[in-house]
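What follows is the residue order along each chain.
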Number of protein chains: 8
Amino acid sequence: MKIAPRSKLVFIGDSITDCERARPVGEGLFGAVGKGYVALVDGHFGAAHPGHAIRVVNMGTSGNTVVDLKARWQTDALDLKPDWLVVMIGVNDVWRQFDLPRQTELHVAPETYGRTLDELVTRTRPLVSQLVLMSPFYIEPNRSDAMRRRMDEYGGLMRQIATRHGVPFVDIQAAFDGVLAHMHANAIAWDRVHPNHIGHAVIARAFLAAVDAL
Amino acid sequence: MKIAPRSKLVFIGDSITDCERARPVGEGLFGAVGKGYVALVDGHFGAAHPGHAIRVVNMGTSGNTVVDLKARWQTDALDLKPDWLVVMIGVNDVWRQFDLPRQTELHVAPETYGRTLDELVTRTRPLVSQLVLMSPFYIEPNRSDAMRRRMDEYGGLMRQIATRHGVPFVDIQAAFDGVLAHMHANAIAWDRVHPNHIGHAVIARAFLAAVDAL
Amino acid sequence: MKIAPRSKLVFIGDSITDCERARPVGEGLFGAVGKGYVALVDGHFGAAHPGHAIRVVNMGTSGNTVVDLKARWQTDALDLKPDWLVVMIGVNDVWRQFDLPRQTELHVAPETYGRTLDELVTRTRPLVSQLVLMSPFYIEPNRSDAMRRRMDEYGGLMRQIATRHGVPFVDIQAAFDGVLAHMHANAIAWDRVHPNHIGHAVIARAFLAAVDAL
Amino acid sequence: MKIAPRSKLVFIGDSITDCERARPVGEGLFGAVGKGYVALVDGHFGAAHPGHAIRVVNMGTSGNTVVDLKARWQTDALDLKPDWLVVMIGVNDVWRQFDLPRQTELHVAPETYGRTLDELVTRTRPLVSQLVLMSPFYIEPNRSDAMRRRMDEYGGLMRQIATRHGVPFVDIQAAFDGVLAHMHANAIAWDRVHPNHIGHAVIARAFLAAVDAL
Amino acid sequence: MKIAPRSKLVFIGDSITDCERARPVGEGLFGAVGKGYVALVDGHFGAAHPGHAIRVVNMGTSGNTVVDLKARWQTDALDLKPDWLVVMIGVNDVWRQFDLPRQTELHVAPETYGRTLDELVTRTRPLVSQLVLMSPFYIEPNRSDAMRRRMDEYGGLMRQIATRHGVPFVDIQAAFDGVLAHMHANAIAWDRVHPNHIGHAVIARAFLAAVDAL
Amino acid sequence: MKIAPRSKLVFIGDSITDCERARPVGEGLFGAVGKGYVALVDGHFGAAHPGHAIRVVNMGTSGNTVVDLKARWQTDALDLKPDWLVVMIGVNDVWRQFDLPRQTELHVAPETYGRTLDELVTRTRPLVSQLVLMSPFYIEPNRSDAMRRRMDEYGGLMRQIATRHGVPFVDIQAAFDGVLAHMHANAIAWDRVHPNHIGHAVIARAFLAAVDAL
Amino acid sequence: MKIAPRSKLVFIGDSITDCERARPVGEGLFGAVGKGYVALVDGHFGAAHPGHAIRVVNMGTSGNTVVDLKARWQTDALDLKPDWLVVMIGVNDVWRQFDLPRQTELHVAPETYGRTLDELVTRTRPLVSQLVLMSPFYIEPNRSDAMRRRMDEYGGLMRQIATRHGVPFVDIQAAFDGVLAHMHANAIAWDRVHPNHIGHAVIARAFLAAVDAL
Amino acid sequence: MKIAPRSKLVFIGDSITDCERARPVGEGLFGAVGKGYVALVDGHFGAAHPGHAIRVVNMGTSGNTVVDLKARWQTDALDLKPDWLVVMIGVNDVWRQFDLPRQTELHVAPETYGRTLDELVTRTRPLVSQLVLMSPFYIEPNRSDAMRRRMDEYGGLMRQIATRHGVPFVDIQAAFDGVLAHMHANAIAWDRVHPNHIGHAVIARAFLAAVDAL
């Protein structure tokens, strides 16, 4: 496994990360890490690597875009002094362009998305030894769907930023695409965004594979 | 308007019709006709044709397939002695094939759908002077999406039955396709099935246009 | 239609406008525009004029009088920079004179009503290109009922202000009177103020007709 | 007072009588007599005539018409063996004709109202020593309002039946008319049917005056 | 009646007055005057003296002692500018001495009670034309019960203050004693403090008799 | 201690015994023995006599009189095959005579009380090796209070039955009288019936003393 | 993987299996498979082996012992016609002996446990092609703890039955013992029975390893 | 009894003390002293020593460690001016080391525990005449369990501090050990920390014995 024993991991993102985590910090008793992929990752570490004593913190917040992440980056990411910081963001940046097309002030344009994410990475790299970027996704197999195309564009921006900074990039969209070869999107998420337990397992496995912890 | 004054209309279908209607019969005070397109139709009759005194009853039941309709046809359709009976069914018949692909006992195959709907029409025509069939739909513009293809197949079966029996057919799918030319599916329904107020207006308008009541 | 594509409309008023709209701004996902005539108008634009991409915002607040509107005019009307601002106010200004006759400090006298509404119109005209005034109403056919007489007086004041400023006036009271020729007030509103789905359709249609959007 | 010490009074009627009374019998601890005029009457007997030890039972049921009363007459009136039986019925018999005009099966026609009430009185007189009929009412001062006219017609039928059987008739409509000379209907009941505390006091006083117990 | 038309009455006291009144001011729609004797008084004025247009406000607060009244006297009594101010206080001042004997800081000693009440009366008389003091009470017929003795002592202090200032004193304890001759305390209040509907009628009648309004 | 190791005790009675015990049998996890004196007794056995492994079951039912006990005696007492059966009953038999004096059908007269209790004891003695009768009580020090006198009468009847059958009698009334010498009834129970934690400790101690288990 | 594509697996057991599964059958939309190890197994199949289309049903019922399983075996196991039936039972059989030691009728003795489990296996083997027995467990590392010793005894009985019938046995207790080498029992389950997300991952992994599906 | 009449006792600690006590101060009506051992102690004083008029206050706060006690010591202990201050603390200081081993910032090390407790005792002794320290405990009979060993270490530190300051020390752990000789830990507390009614009786009796009040 790439993660050293006793490491502290912080996952930050939107509702797909959040999943009813505890406030203000998603760590502790009574399901504080939430009910989604972060809990699956934490459970996996405890069950498969109990001797590593990995520490997992969930800092997802429903509805967040990269602009929202920036506003709470100091308190919710850096102040927690993670050894690993895992960022999955972009779904809401794109979604509002399609479900609320007339409320343009809620849209995060590609330029803003790319620039803001780059700022966060630049600011964080000197402070956190390991940073992981996980792509936003849309559980829609039709790549010519307008929102899928847009999501792929944002995923591409994240991939470029990861490459530029030499930071690992986990392609969650690709992981879902693999599963969509075998089942319809509706078997994972009615709204093609919020996954059921199968979809959260897809995300958790993609992350764990990326850190050689499966 | 094609509907005579003092006519009684019964709408029967699934959750898209239901929308929290009253039980056992969706008619009366305190929003008994539900919060969906049936309420829009009833409101339109009252506001635009107050002198017609049209009577509207909502008998939708969430989750229903055509097989479920058959089981309650006597009590929930025929016993109410409607002048007009409006049937919109088929979404769940198809949907379960995609969101619960392994639970095949929940799937209503095309043969079953066509045969059952035909039986209901045959049985009803001698008893109800006006019958209207409204197509099932999937608010998905990509016609090669597996579930959209399937839904179109069921819509086609309904259209054939309507033609065979000389009964009006309202193409709700086509109505949605017209709107999807201007906005993404997510602006109408996150799950591409349960419409917001815009989608319900689409259905209501399609019906009202079909009976020359717009 | 008189409304240009991509226009932004703000509706402001009392509980008849409010209908459980979202706070602080009644626009967005999950029924944010409320459950009343504003939602009907928004649904109509989306379904009948999808290419126009009209934007609708509900800023009604239950219990408001014109004096309450004045107190929140800057934040709740002007700051939203609407292209069209639609104002329906006066029901509570009058109602308290009849249901709480002894609490005179809650009554808005005709002088106050007229002067305040005039101030708001004067202040708004240079800032908002299109302003619409919609009359308060009482769903009471008996014009000699004391409260109906009073409501007509307030509607008359609004009409004068509209005329003076060259602003369109929508006579909602007249729209209800037309329907009351065919049904008793109790078929629209037990309290003769808060309409059911038929009454909200009456209001929506009156507005849509006034802007040639029906 | 016309009521002998230790008498048992049963009040039967609709929602105006009911007012959250206990089930199955509205008598006992914790507000079992409800929160309306029956509680006012019971409180008055206890406070003003404590030595009389009058017993009061509330058997009102919301939504009831005279047809509903007939269906439960044996268990809810006669089986309780009252010394006095007080009946106030007719509001719903009339109201449904105006708020749900198209659902004619819910309407109780004058013929049905008169015949059924007459049957109940005929059946009860040999069994209950004192019977009191209290008129239905509509808190609407405009006597040419269609529903007020209809209500007056039903009140007239009740009065004829009372006269024919030599049973006291309490004119609750007249009591309300007296108060309406001083305040608008909205100060008593927004829907002109369900009274506030002032309206319940009007009913209680009319009954108490009729039995010389004020 | 001693109360002039259009007078405004404010009732202030403890939980016996409060009875779920509205906040911050107990006046208005939807049962704002509470469910106790204040509502009975207001209902009586409306029903028996509708032409007087008496205005009633309930400012009772559960748990209050005379010390608590003093703390909110300006905002909750004087600022409301009543024509009549009716004060019923003292039950909690005494009760805590018996149900929480060890928490002496919650007890209001007779000296404090008398002095504080006197201060309030002194301060109020120049501002309010009519002041009424209503005795605290304990629905306990045994005058040698320790708490009854204590309550009588406080009632006596109030009576002296009323006499000294020439203000009417309503002996609620005496009113209850009259009723207790006919029924056990348990038929009015299990805890001998919070009355049921009979007990509230006793209080209301005592007040109404004192102002010649019965 | 008079109770042999591994004995099973069943307590049966009214709300004072019940205290939210589990249904249908008040024994087991999660506070199944309730929150009153039965729990205190069970806790005491576990803490002070852990080696005795005494088994405690709570079969109290709120509102019960001795007539209600009789109706459920087979299932709720005998079928449980207790080694000890402890009965505390009579409070409601008396209370209804005072709080609902007019509902005489709810009153259990002394004759009925004595006869029914005697029947239960006679029927039970051959089947249960140890029977204990615990007196009903009224936490009212004034022995000339009508309800206290009545309660003493019922306690006296129980004592006679206990003596006649040679069964232990625990005088709970006397235990409360002892405490009432030091504090007012209000410090134990506002309604003089349902004790707080001090009153439940009084009952538990009286029982434990009677079986030499304190 | 040992499990053939399109196999149907039914998991049956107690609260550790149940975890809020749907009723009457734990399969379908909206988390019907519960929130415990069954959901983890189902999610793993969907994410790691999507082409296998494995079908998973949760039939756990909180509080069950092997005796309870027997009572519902026909409807809840055999009637579902599983290809694989996975049974984890025994925790409550043992637990009640320690948390409710005096309620011996709730205890399932080793003889009953062994005999009943053997009956179920004998009855099931001809009908279900694959049967898996999973040991009960106690997350208590101290093997001389009385309850742990007892649980090991029951696990041993299950192992013998598995061996005798040639059925796979999954040693869940051993899986937990492995993790307990690295962390205290409190990090998995405060009550040492109901696991958190780490403990459920331990169970899921033990099962998946046993069928070569990890 | 060692406690003088009219003494005021304050109990401070964690969730074992708290048990739903009232806020901000756990004293007064309606179960303000909570539902745990403090209520048992208070009930015992009232029932067994009613003439002593002992005053009991519960200031436990769930989740507290000795560090949390220090932060609220002035307001929650000293400002209440107790005659006796009883402190039971340490369970959470230890527990977090075992249930959340990776969140080391939540752990209170032995040094911190000892030093902080010593500071509190030093600061309090001049102000409070009687101080009692009650040991933290773990209802785990296996003394080689890691958490039990740790708890014993903290109990030992407390004992040393008590000895050093000449303050009574109540060994609650020893009291539980005595009971554990007769029943499994699960019969007192599933999580071995939060006791049922038997466990609370163990604590109450240990305290009462220490002050000669049993």
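It should be noted that the structure appears before, not after, this text.
Note that the structure is a prediction, hence the values are computed from the model and not measured.

A.B. asks: Tell me what's going on with the pairing of strand β4 (residues 130-134) of chain C, and back it up with residues and numbers.
C.D. replies: All names here are of chain C. Of all 5 residues making up β4, 4 are buried, and the element is well covered by its neighbours. Note: strand β3 (residues 84-88) against β4, 5 bridges, orientation parallel. Bridge pairing in β4 places M88 opposite M134. Bridge count for β4 against strand β5 (residues 169-170) is 2 bridges, and the pairing is parallel. Bridging from a neighbouring strand, L133 pairs with F169 of β5. Note that the unit made of β4, helix α7 (residues 146-165) and β5 has a crossover that is right-handed.

A.B. asks: How would you summarise the side chain of N58(C) if you had to cite specific residues and measurements?
C.D. replies: Residues and elements named next belong to chain C. Within the secondary structure, N58 sits in strand β2 (residues 55-58). With a relative accessible area of 0%, N58 lands in the buried category. For N58, the side chain forms a polar contact with the main-chain nitrogen of G60, separated by 2.8 Å. Filtering out sequence-adjacent residues up to four positions away, N58 remains in contact with F11, T17, D18, R21, G26, V33, G34 and V38.

A.B. asks: Residues and numbers for the interface of chain B and chain A, please.
C.D. replies: Taken together, the contact between chain B and chain A spans 20 residues of the former and 20 residues of the latter. Across the interface of chain B and chain A, roughly 1,600 Å² is buried in total on both sides, 50% from carbon and sulfur atoms. Three residues stand out in chain B for area buried against chain A, namely H184(B), N186(B) and W190(B), and they jointly supply 35% of the buried area on that side. For the pair chain B and chain A, the interface holds 2 salt bridges. For R192(B), the salt bridge is made with E140(A), and the minimal N-O distance between the two is 3.1 Å. For the pair chain B and chain A, the number of links is 12 residue pairs in polar contact (both at pLDDT 80 or more). For the side of chain B that touches chain A, the elements supplying multiple residues, two or more each, are α5 (91-99) and α7 (146-165) of chain B. Of all the elements, α5(B) adds the most residues to the side of chain B that touches chain A, at 4 residues. A per-class count over the side of chain B that touches chain A returns 9 nonpolar, 4 polar and 7 charged.

A.B. asks: Describe in detail the sheet that holds strand β5 (residues 169-170) of chain D, supporting the description with residues and values.
C.D. replies: Residue and element names in this part refer to chain D. Reading across the sheet, the 5 strands line up as β2-β1-β3-β4-β5 and stay open at both edges, with parallel pairing between neighbours. Taken across any chain shown, the strands that pair with only one partner, and hence form the sheet edges, are β2 (55-58) and β5. Where strand β1 (residues 8-13) lies against strand β3 (residues 84-88), 5 bridges are found, and the strand directions are parallel. Across the sheet, the residue bridging to G13 is M88, located in β3.

A.B. asks: Outline the sheet that holds strand β1 (residues 8-13) of chain H, listing residues and values.
C.D. replies: Within the open sheet, the 5 strands sit side by side as β2-β1-β3-β4-β5 (chain H). Their pairing is parallel. Looking at which strands have only one partner, the edges of the open sheet turn out to be β2 (55-58) and β5 (169-170) of chain H.

A.B. asks: Explain the interface of chain G and chain A residue by residue, including any values.
C.D. replies: Chain G puts 23 residues into the contact, and the matching count from chain A is 23 residues. Of all the secondary-structure elements, those providing two or more residues to the side of chain G that touches chain A are α2 (37-48) and α9 (197-210) of chain G. A per-element tally of the side of chain G that touches chain A places α2(G) first, with 8 residues. For the side of chain G that touches chain A, the per-class residue count stands at 14 nonpolar, 6 polar and 3 charged.

A.B. asks: Describe the packing of helix α2 (residues 37-48) of chain D against helix α9 (residues 197-210) of chain D, listing the residues and the values that go with them.
C.D. replies: Residue and element names in this part refer to chain D. Where α2 meets α9, the closest approach of the two axes is 8 Å, and the angle between their N-to-C directions is 50°. If you check the angle between α2 and α9, you find them oblique. As α2 packs across α9, the resulting crossing turns out to be right-handed. Along the contact surface, α2 presents Y37, L40, V41, H44 and F45, while α9 presents H200, A201, I203, A204, F207 and L208. Tallied by class, residues from the contact of α2 with α9 come to 9 nonpolar, 2 polar and no charged.

A.B. asks: Give me the lowdown on the relation of the copies chain G and chain A, citing residues and values where you can.
C.D. replies: Each of the two chain copies can be generated from the other by rotation about an axis followed by a shift along it. When chain G is fitted to chain A, the best match, at an RMSD of 0.0 Å, comes from turning it 180° and sliding it 0.0 Å along the axis. Taken together, the rotation and translation describe the operation of a two-fold axis. Comparing contact sets, 100% of the residues at the interface of chain G also lie at the interface in chain A, consistent with an isologous, same-surface contact.

A.B. asks: Break down the pattern of salt bridges for me, with residues and values.
C.D. replies: Summed over all chains, the structure comprises 128 salt bridges over all chains. Notably, a salt bridge pairs E119(G) with K70(G), separated by 3.0 Å at the nearest N-O pair. Taken together, the residues E119(G) in helix α6 (residues 110-124) and K70(G) in helix α3 (residues 66-71) connect sequence positions 49 residues apart. For E119(G), a relative accessible area of 32% translates into the label partly exposed. One continuous salt-bridge network, built from bridges that share partners, spans E140(A), R192(A), E140(B) and R192(B).

Analysis parameters
- Residues numbered from 1 in each chain as written.
- Chains lettered and ligands numbered in written order.
- Predicted model: local features only at pLDDT ≥ 70, side-chain atom pairs only at ≥ 80, totals over all residues.
- Heavy atoms only, no water.
- Buried < 20%, exposed > 50% of the residue type's maximum accessible area, 1.4 Å probe, protein only.
- Helix = DSSP H or I, 4+ residues; strand = E, 2+ residues; numbered from the N terminus.
- Pairing = 2+ DSSP bridges.
- Right-handed = clockwise from strand over helix to strand, strands pointing away.
- Polar contact = N/O pair within 3.5 Å; in protein donor to acceptor, adjacent residues only side chain to side chain.
- Contact = heavy atoms within 4.5 Å.
- Buried area = accessible area lost by both parts, 1.4 Å probe.
- Salt bridge = Lys/Arg side-chain N within 4 Å of Asp/Glu carboxyl O.
- Nonpolar A, V, L, I, M, F, W, Y, C, P; charged D, E, K, R; others polar.
- Axes fitted to C-alpha atoms, helices over the stretch in contact; angles between N-to-C directions.
- Parallel < 35°, antiparallel > 145°, perpendicular 65-115°, else oblique.
- Left-handed = near helix turned anticlockwise from the far one by under 90°.
- Least-squares fit on C-alpha atoms with pLDDT ≥ 70 in both.

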